[in-house]
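Here are the chains, one letter per residue:
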Amino acid sequence: LWTAMADPVSFLPPAAERRPGKAEVTILAVILVVGALLRWGYLAELRHAPDLEYPPVDAGFSLYWATGLATGDWTLPPDARGRDPGVGERAYMRPPGYPFVLAGLHRLTGGDPLAIRALQMLAGLLNAALAWLLGRLLLGPAVGLVWAALMACQWTFVLFEGTLQDAWLLVTLLLALMLLLHAFAVTPSATRAAAAAATAGLVALVRPNMLVVLPLL
């Protein structure tokens, strides 16, 4: 353990130093295509969901917050029953990271509920590619491909990408953070340290309990 802490680079697998071959890239492409088909099917089902435009509970609150940020219209939705959370005037009572990203997606899509979810699903496919990259860097190409397949096809990821929840964004930021920390471990530099620290700060804006592990990082 002490040796690994003193020289982490020596514990990287030799496979991580090789560029991905044609077969590996082909398998990754097939995985991403299968993941895209699964998401397309789920998106087709969501078209008929009764709560598509007015999702309940946490998702509804995030949508209300994001819509207000994107349009300046803070009109309460019908199910609010006159209870104004005062998002625009009071301290945040929920982490602001996802609602701010959702506001950007709202502006980008014109508020189309299916288009917003489609972009989140594209981010889910990006997460599968990031997992492949991180897996092959740490443990080799086979692990990277298996990890990518699980990220692309496991139903929980697809489900939450189709809801207005922060899970997909948290996964994106955590994978990016691990890649940046890996790059810093291999070749330490102030730039890489700053990039990793900034990403950790973004994670904290989505899930504040990230602050607990900052001293360890």
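The model shown is predicted, which means the values in this text are computed figures rather than measured ones.

What follows covers the overall build of the chain. When its secondary structure is counted, the chain shows nine helices and zero strands. Going from N to C terminus, the chain has its helices and strands arranged as α-α-α-α-α-α-α-α-α. The dimensions of the chain, computed from C-alpha atoms along their principal axes, are 60 × 40 × 25 Å. Buried positions account for 37% of the 217 residues belonging to the chain. Sequence-distant contacts in the chain: of pairs separated by 6 or more residues, those separated by 24 or more amount to 69%. Total accessible area computed for the chain in this model is approximately 12,500 Å², and 69% of it derives from carbon and sulfur atoms.

For any two helices packed against each other, one specifies the crossing angle of their axes together with the interaxial distance. Across the interface, helix α2 (residues 22–46) lies against helix α5 (residues 113–139) with an axial gap of 10 Å and an inter-helix angle of 155°. Overall, the two elements α2 and α5 adopt an arrangement that is roughly antiparallel. Crossing of α2 against α5: the hand is right-handed. Residue-level contacts link Glu24, Leu28, Leu32, Gly35, Ala36, Arg39, Tyr42, Leu43 and Leu46 of α2 to Leu114, Arg117, Ala118, Met121, Gly124, Leu125, Ala128, Ala129, Trp132 and Arg136 of α5. Looking at the contact of α2 with α5, its residues break down into 13 nonpolar, two polar and four charged.

The next thing to look at is the layout of surface pockets. By rolling a water-sized probe across the atoms, one finds the places where empty space is left. If you add up the space inside the largest pocket, you get close to 720 Å³. Surrounding the largest pocket, 28 residues form its lining, Gly60, Phe61, Tyr64, Pro77 and Asp79 being those nearest its centre. For the lining of the largest pocket, the secondary-structure elements that each account for two or more residues are α3 (57–71) and α5. A per-element tally of the lining of the largest pocket places α3 first, with seven residues. Of the residues assigned to the lining of the largest pocket, the class counts are 17 nonpolar, five polar and six charged.

Tallied over the entire structure, the rule returns five aromatic pairs. Ring centres of Tyr92 and Phe100 lie 6.3 Å apart, and the angle between their planes is 70°; this geometry places the pair in the edge-to-face category. For Phe100, a relative accessible area of 41% gives the class partly exposed. A connected cluster of aromatic rings, assembled from ring pairs, spans Phe61, Trp65, Tyr92 and Phe100.

Let us now look at helix α6 (residues 141–153). For α6, which comprises 13 residues, the first-to-last C-alpha distance of 18 Å matches the rise-based estimate of 18 Å (1.5 Å per residue) to within 8%. Those residues of α6 that sit buried are Gly144, Leu145, Ala148, Met151 and Ala152. For α6, the buried positions fall inside an angular range of 125° around the axis, keeping them on one side. Away from its buried face by more than 90 degrees, α6 exposes Ala142 and Val146.

The N-to-C vectors of α3 and helix α4 (residues 97–109) enclose an angle of 55°; their axes lie 8 Å apart at closest approach. As summarised for this structure, α3 and α4 are arranged oblique, according to the angle between their axes. At the point where α3 passes α4, the crossing takes the right-handed sense. Listed contacts from α4 to Ser62, Leu63, Trp65, Ala66, Thr67, Leu69, Ala70 and Thr71 of α3 are Tyr98, Pro99, Phe100, Leu102, Ala103, His106 and Arg107. Taken together, the residues of the contact of α3 with α4 sort by class into 10 nonpolar, four polar and one charged.

Rules used throughout
- Residues numbered from 1 in each chain as written.
- Predicted model: local features only at pLDDT ≥ 70, side-chain atom pairs only at ≥ 80, totals over all residues.
- Heavy atoms only, no water.
- Helix = DSSP H or I, 4+ residues; strand = E, 2+ residues; numbered from the N terminus.
- Buried < 20%, exposed > 50% of the residue type's maximum accessible area, 1.4 Å probe, protein only.
- Contact = heavy atoms within 4.5 Å.
- Areas by Shrake-Rupley, 256 points an atom, 1.4 Å probe, with all protein chains shown as cover.
- Axes fitted to C-alpha atoms, helices over the stretch in contact; angles between N-to-C directions.
- Parallel < 35°, antiparallel > 145°, perpendicular 65-115°, else oblique.
- Left-handed = near helix turned anticlockwise from the far one by under 90°.
- Nonpolar A, V, L, I, M, F, W, Y, C, P; charged D, E, K, R; others polar.
- 1 Å grid on protein atoms, 1.4 Å probe; cavity = no way out; pocket = protein on both sides within 12 Å on 5 of 7 lines; lining within 4 Å.
- Points joined across faces, edges and corners; volume = space filled by probe spheres on them.
- Phe/Tyr/Trp six-rings, centres within 6.5 Å; stacked < 30°, edge-to-face > 60°.
- Expected span 1.5 Å × (residues − 1).
- Arc of directions from axis to C-beta.

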